There are 4 protein chains.
Amino acid sequence: MNKVRIGSVGLGRLGLRHAENIANKIQNAELAALCDINEAALREQSARLGVKNYYTDFNAMIANKDIDAVFIVSPSALHTGQIAAALDAGKHVFSEKPLGTTIEECKNAEKAVMAHKDKVFMLGFMRRFDESYRYAYKKVMAGEIGKPVLFRAYSQDPEKFIEGAIAFAPHSGGEFIDMCVHDIDLARWFTGSEPQSVYAIGGCYAHPEFGKYADGDNVCALMKFKNNCMVFLFAGRTAPHGYNVETEIIGTKGILRIASVPQKNLVEVLDSGGVRRECHENFLERFENAYVLEAQQFVDCIREGRKSEVTVQDGVRVLEIAGKCKQAFETGELLKF
Amino acid sequence: MNKVRIGSVGLGRLGLRHAENIANKIQNAELAALCDINEAALREQSARLGVKNYYTDFNAMIANKDIDAVFIVSPSALHTGQIAAALDAGKHVFSEKPLGTTIEECKNAEKAVMAHKDKVFMLGFMRRFDESYRYAYKKVMAGEIGKPVLFRAYSQDPEKFIEGAIAFAPHSGGEFIDMCVHDIDLARWFTGSEPQSVYAIGGCYAHPEFGKYADGDNVCALMKFKNNCMVFLFAGRTAPHGYNVETEIIGTKGILRIASVPQKNLVEVLDSGGVRRECHENFLERFENAYVLEAQQFVDCIREGRKSEVTVQDGVRVLEIAGKCKQAFETGELLKF
Amino acid sequence: MNKVRIGSVGLGRLGLRHAENIANKIQNAELAALCDINEAALREQSARLGVKNYYTDFNAMIANKDIDAVFIVSPSALHTGQIAAALDAGKHVFSEKPLGTTIEECKNAEKAVMAHKDKVFMLGFMRRFDESYRYAYKKVMAGEIGKPVLFRAYSQDPEKFIEGAIAFAPHSGGEFIDMCVHDIDLARWFTGSEPQSVYAIGGCYAHPEFGKYADGDNVCALMKFKNNCMVFLFAGRTAPHGYNVETEIIGTKGILRIASVPQKNLVEVLDSGGVRRECHENFLERFENAYVLEAQQFVDCIREGRKSEVTVQDGVRVLEIAGKCKQAFETGELLKF
Amino acid sequence: MNKVRIGSVGLGRLGLRHAENIANKIQNAELAALCDINEAALREQSARLGVKNYYTDFNAMIANKDIDAVFIVSPSALHTGQIAAALDAGKHVFSEKPLGTTIEECKNAEKAVMAHKDKVFMLGFMRRFDESYRYAYKKVMAGEIGKPVLFRAYSQDPEKFIEGAIAFAPHSGGEFIDMCVHDIDLARWFTGSEPQSVYAIGGCYAHPEFGKYADGDNVCALMKFKNNCMVFLFAGRTAPHGYNVETEIIGTKGILRIASVPQKNLVEVLDSGGVRRECHENFLERFENAYVLEAQQFVDCIREGRKSEVTVQDGVRVLEIAGKCKQAFETGELLKF
């Protein structure tokens, strides 16, 4: 099979990164088209990345017969509509998380994907492609840590990006939906199980602005999973040290910690601060390779007629769980699944 | 004032350690008497530590006018009775945790302490005397981490001592009362606040034996404190790597982690296992210095007419909270305080 | 300019890696030809990587007008001859280290490069392209650590590959030339200075086989540089924990350590070995990204008419220094440069 | 035997610490006398520590029949004279390092000790009593790291105490004699071998003041030991991060690193500096317990009629080696032992 020709919609920070990866780093792929409503950015990036076809209209892009697949990196509220349209137009689809902003949207996306089983659909839970997570996953699957006892996950954004977070608050869906979805996906992936109950607390410790949206700047949830594994999630937007995504899986025979020090690289600095490691700035830096490996798998699946590892059902289920966490947080009640 | 003459009851592992510390390491103190029902051990240790007065009967010991203070390191169910008797006999009292095994017992102890305000009473929450906890505490009090957001505490005993834990299960009161009391004390100490609600889960992941006592081998609790701080406690008896007591305090401006690697000492080993730190074996090793500093404070308080940092109310309150955690665990319900 | 068409000679482990990178990961490059004396491997890899032109004769490959540049990853003794021939044939040249096996060879290579100043020549000191080394380098250049005081570098191969090292011993040139060249390059790069004197010791601590070649299984050298910086190099072939390349730069105002724990990834394992990090296996794993970035710079230099960061003079100078270290080791004398 | 009655001379920082330890922490010992030329300090500390006998004249102190042993913590130039006098007066002697300031002095001390074999003599190489060094030592003796290949030791004083170091420079004997003696002792202890050759370099990187005394602010030495072990010592006075005493022993089967992060305690701080460990301030903080254990051994040896682990010959030999390092540094030559 020839190169997979990809059209990508959305030129925000992550959309641009995906476009660059497809253009430069993904084997057997070609960045064939770009789409964005910002025409200036569209022209600039198309020129820079050598893309001949560019569109301000998503439907126009998917009408192009020379495009095999689309990357959807548009605002979350557009995801499910674009997924269905692209599949109907005969394209393979990669969509960024979240799958949709409501369960209903997600269910519609699921129907669309089910109606086009010959097409590859993949959801962007890139952490599964990070080499450290994969390494840990293999150990867990090999039984090296025994039975899972506690799954603990932190997702913390740096305080220094708080203004952006506040500006985005009305659209983010709240921390559980915006940030914890990755951890919920990992919890399901690592434990192979589903939640039974959830209690969630938190609040606005530094930034009351989030309160307007029934959200907090730091929140957590404790869930009991069906296999009895305890799952503790913490998400925060005020990390003083950097972008901190940290996961611990305590098993009966061993414990794995992934990125317990969110070190940027292998340099250790000894100065008046003591002995220290500088930290990752953001998700693009921390998951640089994971984004490449994820896109590569998408392309490989298309070429090899395989299904992707991350399914539409994962997206639906994760959003259901995140929504329940959010509801638990808002009501202060213990909820059952 | 002359040396404080101390009589100590209980010659189990920790009782023996306290006796040795008093005999050898505590300034201005004298190990004046020992008490235990095991007469052979009593004679042996009295000889070894140069103690002339030894008793198999606690009441006989406290009748000795030459004793100023007692250390109570007997089985938990005896604590409150001995506390009251010793205070009534005019002695200062140090009692190991837990204060008692029921709230009623604890309230009685509280009454006894209140009735003898001229005597020093101290409860053995030794972690507060560990240099790392004290260092962290000073930073928190100095405002270096801002407002507390999440307090996370792990207390894990090594799997290799599981047989002892199983044998002790009928008397331990369960993990919340046996193990989490220290973390509950730390949570109150560091946050200066009290719990409002608790949800607790866990189970028998490796050792069904604990199920007989409505206990688990690994449990956790998520509490909301009145100052809105999230408090997550995890206790386990199956740690593969050693004795792991770890605390994290996430604040709005900084984060502190105490003993996130429970390293035995400063030696790093590079061998076929990679780059590794060997871990503490047990609480006596981890808190060796804390036990000394705690006993020293008790003696200093007596000599200087001061109150100890850890009060009988701390003991009552901690047991109430641990009991509520246990009830939450047993019922599966969200409980309010 | 169109894609740079590259012919690569040598299909050993590293040669294959370079070929794969050029074929798959380097932008604006094309793997246009392969060359190796092992015809079976040549055919197999050419097919696998989609390379149409393959040669068992290097001269035949460089006679191909459709090739713009060559990668030389052949046995070290062939490097300088192939460099000169390729340059004479009008090709840009990337050569793996060492530049040559004797100073005379290196000088010939230097002459060839000087005679073809319109061509890009680059030597494979890939560590300079590792993100951690680059990050440290920027800090040093920015003056963050003040004046360099001590440069310490370790290069250790794992004991588990000792059989290969013994088999390769007759051809390796010894540890200083085979392993320390990278550290010598880094020392010159970081300090911007050159050695004045050297004392070198070591021996066969575990494997007497190296003695036959006047080499050791572990050696070290202490050099005084002209700017007075102390430079300590240690190279070993018996590392119990993995592939350990570690560098420390002590300055008057700060200290940087690069990879003081040669951790494979961000996973920390807590098990009966304590708290541990598993280590890198070999240079291909440790410097995976550096090999890509290095090749990318070579291609970019060609396309943009720039000189590469690593020059032929670096290669000559590093070999001179390594040779002097070797001589110091063999004679036991303090040598001046 | 009754308590060992100790008279201590010298009330500088370390002398005071020893006095406090003897008064408060050493079992079976009594601080019976103090001696210092500063009468005000002498009176103050004697009162504070409850010492009834105090002297401004060392000979007066050792004439006191009620004193069994002396601690010599006076200026280095006085050590050997006081050692001989005290032994002649029938006292057991503990002397701080260095044994003396010249080889001749040391030889005299050795003679004095040899002439009083019934007395315990101990030299203050306290690092041997640090629990991490002892733990490492046991592993080495048990063969866990195989044959020693490289012994690397750093002793770095913090830049923030540089003024004191400059003031003390005329009397320090230089970094090799003042600082490296501990590392030389450790090298001999861990390897069980003696040096054959030494090359030493360094200089004044930040503080030219040391040049007046033919010393540097940072120096190093590379020695070949008779068992072929490579020994690399580095000493510096400009550490930006704190007091850094770090040792690595690379063996054919394993590697041990002691205090590769000179962390003050178990607290990890996550803030704008990244993830960091604060460091020890000085030797009194780092070796707090070692000083106690060392003094305890001295007392135990006296009571049990044993020899101490650290002998006068260790002191002589270490000073000879340090002197040779110094000579190598001053001449720039490779020296043989």
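Quick caveat: nothing in here was measured; it's all calculated off a predicted structure.

When you look at the relation of the copies chain D and chain C in this model, what are you seeing that I'm missing?
Note on the chain copies: they are related by a rotation about an axis and a translation along it. With an RMSD of 0.0 Å, the fit of chain D onto chain C corresponds to turning through 180° and sliding 0.0 Å along the axis. The symmetry that links the two subunits is that of a two-fold axis. Taking C-alpha positions as reference, the residue of chain D nearest the rotation axis is Leu334(D), located at 3.0 Å. When you check the interface residues of chain D against chain C, 100% turn up at the interface there too, and the contact is symmetric in its surfaces.

Help me understand helix α5 (residues 103-114) of chain D, please; the structure alone is not making it clear to me.
At 3.6 residues per turn, the α-helix brings residues three or four places apart onto the same side. Residues and elements named next belong to chain D. Here α5 contains 12 residues, and its C-alpha end-to-end distance of 16 Å stays within 8% of the 16 Å for a straight helix at 1.5 Å per residue. Within α5, the full set of buried residues consists of Glu 105, Cys 106, Ala 109, Glu 110, Ala 112 and Val 113. Around the axis of α5, the buried residues are gathered within 160° of arc, so they sit on the same side. Residues of α5 that are exposed and angled more than 90 degrees away from the buried face: Glu 104 and Lys 111. Taken together, the buried residues of α5 touch α4 (79-88), β6 (121-123) and α12 (312-331).

Any chance you could explain helix α4 (residues 79-88) of chain B here in plain terms?
Residues and elements named next belong to chain B. Along α4, the residues classified as buried are His 79, Thr 80, Gln 82, Ile 83, Ala 86 and Leu 87. Buried positions in α4, seen along its axis, are confined to an arc of 160° and lie on one side of it. Among the residues trailing α4, Gly 90 stands out with phi positive, at a value near 90°.

Would you mind going over the sheet that holds strand β5 (residues 92-95) of chain B with me for this structure?
All names here are of chain B. Read from one edge to the other, the open sheet built from 6 strands follows the order β3-β2-β1-β4-β5-β6, with strand pairing classed as parallel. Pairing within the sheet leaves two strands with one partner each, and these edge strands are β3 (53-55) and β6 (121-123). For this sheet the average axis-to-axis angle between neighbouring strands, irrespective of direction, equals 20°. Contacting β1 (4-9), β2 (29-35), β4 (69-72) and β5, helix α1 (residues 13-24) runs over the sheet at an angle of about 145° to β2.

How do you make sense of the interface of chain D and chain C when you look at a structure like this?
Where interface size is given, it is often the accessible area lost as the parts come together that is meant. Opposite the 44 residues of chain D that make contact, chain C presents 44 residues. Both faces considered, chain D and chain C share a buried interface measuring about 3,200 Å² in area, 65% of it formed by carbon and sulfur atoms. It is Tyr199(D), Tyr205(D) and Met230(D) in chain D that bury the most area against chain C; as a group they hold 21% of the surface buried on that side. Counting every contact that joins chain D to chain C gives 2 salt bridges. One salt bridge connects Glu246(C) with Arg257(D), and the closest N-O pair in it is separated by 2.7 Å. Of all the elements in the fold, those that place two or more residues in the side of chain D that touches chain C are β7 (148-158), β8 (195-203), β9 (218-225), β10 (230-239), β11 (244-251) and β12 (255-258) of chain D. Split into classes, the residues belonging to the side of chain D that touches chain C amount to 22 nonpolar, 13 polar and 9 charged.

What should I look at first to understand the domain arrangement of chain A in this one?
All names here are of chain A. Annotation of chain A at the domain level lists domain 1 (4-119) and domain 2 (128-286 + 318-336). Measuring from the centre of the C-alpha atoms in domain 1 to the corresponding centre in domain 2 gives 27 Å. If you look at the interface, domain 1 gives 11 residues, while domain 2 gives 8 residues. Among the residues domain 1 hides against domain 2, the three largest losses belong to Arg 13, Lys 97 and Ile 103. Together they make up 53% of the total. Where domain 1 touches domain 2, the interface holds 2 salt bridges. Where Glu 320 meets Lys 107, a salt bridge forms, and the shortest distance between an N and an O atom there is 3.5 Å. Along the contact surface separating domain 1 from domain 2 lie 2 residue pairs in polar contact (both at pLDDT 80 or more). At the level of elements, α1 (13-24) and α5 (103-114) are the ones that each hand at least two residues to the side of domain 1 that touches domain 2. Split by residue class, the side of domain 1 that touches domain 2 holds 4 nonpolar, 3 polar and 4 charged.

Would you explain the side chain of His182(A) in this entry?
All names here are of chain A. Structurally, His 182 can be placed in helix α9 (residues 180-191). Taking the relative accessible area as the measure of exposure, His 182 reaches 9% and is therefore buried. Among residues more than four places away in sequence, those in contact with His 182 are Lys 97, Gly 124, Phe 125, Met 126 and Arg 127.

Got a minute to help me understand the interface of chain B and chain D in this structure?
With 27 residues of chain B at the contact, the number on the chain D side is 27 residues. Taken over both partners, the interface formed by chain B and chain D buries close to 2,600 Å², and the fraction arising from carbon and sulfur atoms is 48%. Broken down residue by residue, the surface that chain B buries against chain D is led by Tyr135(B), Leu266(B) and Leu270(B), which jointly contribute 24%. Here chain B is connected to chain D by 2 salt bridges. Among the ionic pairs, Lys139(D) bridges to Glu278(B), the shortest N-O distance being 2.8 Å. Where chain B touches chain D, the interface holds 14 residue pairs in polar contact (both at pLDDT 80 or more). If you list the elements that add at least two residues to the side of chain B that touches chain D, you get α6 (131-141), β12 (255-258), β13 (263-271) and β14 (274-279) of chain B. Per-element accounting of the side of chain B that touches chain D gives the leading share, 8 residues, to β13(B).

Cut-offs used in this document
Residues numbered from 1 in each chain as written. Chains lettered and ligands numbered in written order. Predicted model: local features only at pLDDT ≥ 70, side-chain atom pairs only at ≥ 80, totals over all residues. Heavy atoms only, no water. Least-squares fit on C-alpha atoms with pLDDT ≥ 70 in both. Contact = heavy atoms within 4.5 Å. Helix = DSSP H or I, 4+ residues; strand = E, 2+ residues; numbered from the N terminus. Expected span 1.5 Å × (residues − 1). Buried < 20%, exposed > 50% of the residue type's maximum accessible area, 1.4 Å probe, protein only. Arc of directions from axis to C-beta. Pairing = 2+ DSSP bridges. Axes fitted to C-alpha atoms, helices over the stretch in contact; angles between N-to-C directions. Buried area = accessible area lost by both parts, 1.4 Å probe. Salt bridge = Lys/Arg side-chain N within 4 Å of Asp/Glu carboxyl O. Nonpolar A, V, L, I, M, F, W, Y, C, P; charged D, E, K, R; others polar. Domains from an automatic or database assignment. Polar contact = N/O pair within 3.5 Å; in protein donor to acceptor, adjacent residues only side chain to side chain.

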